[in-house]
Every structure is written in C-alpha cells, then in structure tokens.
Amino acid sequence: MERERVEPVQLQDLIEKAKLGDRDAFGELVALHQNEVFTLAVRLVRDRELAADVSQDAFIRAWRAMPKFRGDAKFSTWLHRITVNTAWTHRAKENRVRLDPLDAIVTEPRAATLDPVRAGEAASAAPKIEEALMELTESIRAVVVLKDVYGWTHTEIADHLSISVTAAKVRLHRGRKELRRLLDGYQDGAS
Amino acid sequence: MSIMCRAVHIALPTVGESGLTAPLAGHVDSCVPCRAEAIRYRTMYRELDGLALEAQRAPAGLASGVLESLGPVAVVSEPARRDNRVPIAAVAVVATAAAGTAVLLRLYRQRAA
C-alpha cells in the first residue's frame, strides 16, 4: 500500500494534534512511519516477529511521550531514537534470535524521498548488503546500522546503546571489516 | 604487504577513503591492491548509505494494534505543570521539616529521660 506524500505543514499539523491527545492524528502518524520504524527494528533485532513487537512498543512509548516532543529534531529522527531504546530494552529481555529467510522480507522503496538513480543502485545492492548485515552480531550490527545507514554520530550511538564512545568506534571498525569480508565471500560465491 | 599497505587496511574501515591522510592517499594512488581495497570499501559505504532509502513493509495490523493499545495520553499544559511545581515543592519541604522535628524531639526526650 502506497502512502500518499504528506507535506511538512500537514505533518506538523498531525504532530500538534497528536500532542494534544488526538488519536486519529496519531494513527495517521503511525501509518506514515510504520514501515521505516519496522525496518529499523528488523535491522536491530533481526527477528521479524520481535521487530513487530518492538515497533508496536515504540509507537506506544511515542504516544505517551508526544506532549514532550518539542520539534528540536525531525519527528522521524525522534521516532528512530525511541525505536532504538525500545529494541535495546527488548534485547535485554529476549535471548532468542532467529534468522528468518531473507526472501520472505518484502522490500519497498521509501517513495517520499526517492532519488530514482540512487534508489536503482540501492535496490540492486540491498539484498546482499542486508544479508551481510544480518550475519553480524547484534551489538556490532547496531553500531554499523546506526552510523553507516542512519548517519548517527558516535556520541549518539554511545548514549542510546549505553556504551562508551570508544566501544562504539571499536565495534564500528570490527563491523565494517567483517562486512567487507562477508561481501567478498558473496562475490566469490556468485562468480 | 608493506607497512603502508597495512596502514591503509587499518584506516579504510575506520575513516574511509576520504579520511585517509595525505601519505596514505598517495600510497593508494600508486598501489594497485590498496586501490582495489579502497574501491571495495567505497562500494560498501555507498550500499550501506543506500539502505536508508529502503523500507520493509510493516506487518499488516501493526498500526491497528498500536491504536488498540493506546492508553489515555497525560496531556498537561505547560503553565499548569509549572503551577503544580510550587505546591509540590512546598509539601515536600513541610514534610521533611516535620520528619526532622519529630526525630529531634524524640532524641531530646530520650536524653531528658
């Protein structure tokens, strides 16, 4: 289902209404952001079922925290932070991590910000890189995903994952090296 | 593998190709294996960046599940919250003072006895 593009003014209007307790407005925000929140959750916890739980909890936390949203960051960035915190809370509770077959993952482009050239390159590379990411350990994958996919700073990553900045840098270095090795393996396997 | 090649292999996963120091960047230009390595990392970083544009479809029912689970939001207007701070602080001060007085009185009585 394609969501129609929402102008910043409309989005701001929905946010203001949701801050005042308007459930319908919040429902619209959920519908608009559910795919990206779920995607981030899958990348963090790997298990799609757990990712669905994480996404649901993240939105419920966001609803409770709506009155505190001041708009200093973009709404989606704020949701991402809540999702990371929620995923890490779930991670502490759950020890089970299952790998779903990747061909069961339906991928669709984020239409609102799509640059056709970049999207074409990304779509062709996405399955391999996504598959390689899923082979990293959870704590290393989280750092690589947040830094190299979502562009977080080392300090933001350290704060949200409750680790030191040095640990974040070390994990990033290890993760990138491992990812590079895994991608090489896929290339060798394909040729 | 030369020392410069090793340094490049350490630097690429840390700072990427654009973050290489001038001597290392110069080495990459003249060393074929290091150049190939730099290109592999460049491709990997571009692919990771491209993932930001990809979104997986959320399971059907996620949004409705969220809406069913929403409790009432505790919307407190900013002025009201500020107004509440004074009485709460006053109650806390009075309660602390009362508890302190009670302890002192008890000690005083024990000594007197």
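Source: prediction; values computed, not measured. (Residues numbered from 1 in each chain as written. Chains lettered and ligands numbered in written order. Predicted model: local features only at pLDDT ≥ 70, side-chain atom pairs only at ≥ 80, totals over all residues. Heavy atoms only, no water.)

1. Digging into the overall build of chain B
Point 1. Helix and strand counts for chain B come out as 5 helices and 1 strand.
Point 2. Going from the N terminus to the C terminus, chain B shows its helices and strands as α-α-α-β-α-α.
Point 3. Burial analysis of chain B (113 residues in total) assigns 29% to the buried set.
Point 4. Long-range contacts, defined as pairs at least 24 residues apart, comprise 41% of the intrachain contacts of chain B with a sequence gap of at least 6.
Point 5. For chain B, the exposed surface amounts to about 7300 Å²; the carbon and sulfur share of it is 65%. (Helix = DSSP H or I, 4+ residues; strand = E, 2+ residues; numbered from the N terminus. Buried < 20%, exposed > 50% of the residue type's maximum accessible area, 1.4 Å probe, protein only. Contact = heavy atoms within 4.5 Å. Areas by Shrake-Rupley, 256 points an atom, 1.4 Å probe, with all protein chains shown as cover.)

2. Considerations on a nonpolar patch on the surface
Point 1. Together, Val103, Leu104 and Leu107 of chain B make up a nonpolar patch on the protein surface, roughly 300 Å² of accessible area in all.
Point 2. Structurally, Leu107 of chain B is set in helix α5 (residues 78-112). (Patch = residues over 30% accessible without salt bridge, like charges linked within 9 Å, V, L, I, M, F, W, Y side chains within 5 Å. Salt bridge = Lys/Arg side-chain N within 4 Å of Asp/Glu carboxyl O.)

3. Things to note about the packing of helix α3 (residues 48-65) of chain A against helix α4 (residues 75-93) of chain A
Residue and element names in this part refer to chain A.
Point 1. In contact at an axis separation of 8 Å, α3 and α4 are set at 125° when each is read in the N-to-C sense. The orientation of α3 with respect to α4, classified from their angle, is oblique. α4 is crossed by α3, and the crossing has right-handed handedness. Contacts between α3 and α4 involve Leu50, Asp53, Val54, Asp57, Ala58, Phe59, Arg61, Ala62 and Ala65 from the former and Trp78, Leu79, Ile82, Thr83, Asn85, Thr86, Ala87, Thr89 and His90 from the latter.
Point 2. Here the contact of α3 with α4 is built from residues that sort into 10 nonpolar, 5 polar and 3 charged. (Axes fitted to C-alpha atoms, helices over the stretch in contact; angles between N-to-C directions. Parallel < 35°, antiparallel > 145°, perpendicular 65-115°, else oblique. Left-handed = near helix turned anticlockwise from the far one by under 90°. Nonpolar A, V, L, I, M, F, W, Y, C, P; charged D, E, K, R; others polar.)

4. Quick look at helix α1 (residues 3-15) of chain B
Residue and element names in this part refer to chain B.
Point 1. For α1, built from 13 residues, the straight-helix expectation of 18 Å at 1.5 Å per residue is met to within 8% by its first-to-last C-alpha distance of 18 Å.
Point 2. Within α1 the residues assigned to the buried category are Cys5, Val8, Ala11, Leu12 and Pro13.
Point 3. Gly16 sits one or two residues past α1 and shows a positive phi near 80°. (Expected span 1.5 Å × (residues − 1).)

5. Considering the pattern of salt bridges
Point 1. On inspection of all chains with the given rule, the structure shows 12 salt bridges over all chains.
Point 2. When the shortest N-O distance is used, the salt bridge between Lys17 of chain A and Asp13 of chain A registers 3.4 Å. Placement of the pair is Lys17 of chain A and Asp13 of chain A together in helix α1 (residues 8-19), with a separation of 4 residues, close to one helical turn.
Point 3. Looking at Lys17 of chain A, the relative accessible area reads 37%, which means it is partly exposed.
Point 4. Relative accessible area serves as the criterion here: at 38%, Asp13 of chain A is assigned to the partly exposed category.
Point 5. A salt bridge links Arg91 of chain A to Glu138 of chain A, with the nearest nitrogen and oxygen atoms 2.9 Å apart. Of this pair, Arg91 of chain A sits in helix α4 while Glu138 of chain A is found in helix α6 (residues 138-149), placing the two residues 47 residues apart along the sequence.
Point 6. Connected via shared salt-bridge partners are Arg180 and Asp184 of chain A together with Glu37 and Arg40 of chain B.

6. A look at the packing of aromatic side chains
Residues and elements named next belong to chain A.
Point 1. Scanning all chains against the criterion turns up 5 aromatic pairs over all chains.
Point 2. Here Phe75 and Trp78 contribute two aromatic rings whose centre-to-centre distance is 5.7 Å and whose plane-to-plane angle is 35°, an arrangement assigned as tilted. Here Phe75 and its partner Trp78 are both found in helix α4, 3 residues apart, which amounts to about one turn of the helix. In this structure, Phe75 and Trp78 share a single accessibility class: buried.
Point 3. Joined through ring pairs, the aromatic side chains of Phe69, Phe75 and Trp78 make up one cluster.
Point 4. Directly above the aromatic system of Trp88 lies the positively charged group of Arg91, at a separation of 4.5 Å from the ring centroid. (Phe/Tyr/Trp six-rings, centres within 6.5 Å; stacked < 30°, edge-to-face > 60°. Lys NZ or Arg CZ within 6 Å of the ring centre and 35° of its normal.)

7. Brief notes about unusual backbone geometry
In terms of backbone geometry, most residues other than glycine have negative phi values and most peptide bonds are trans.
Point 1. Within the chain, Arg46 of chain A stands out as a residue other than glycine whose phi angle is a positive 70°.
Point 2. Structurally, Arg46 of chain A is set in the loop between α2 (23-45) and α3.

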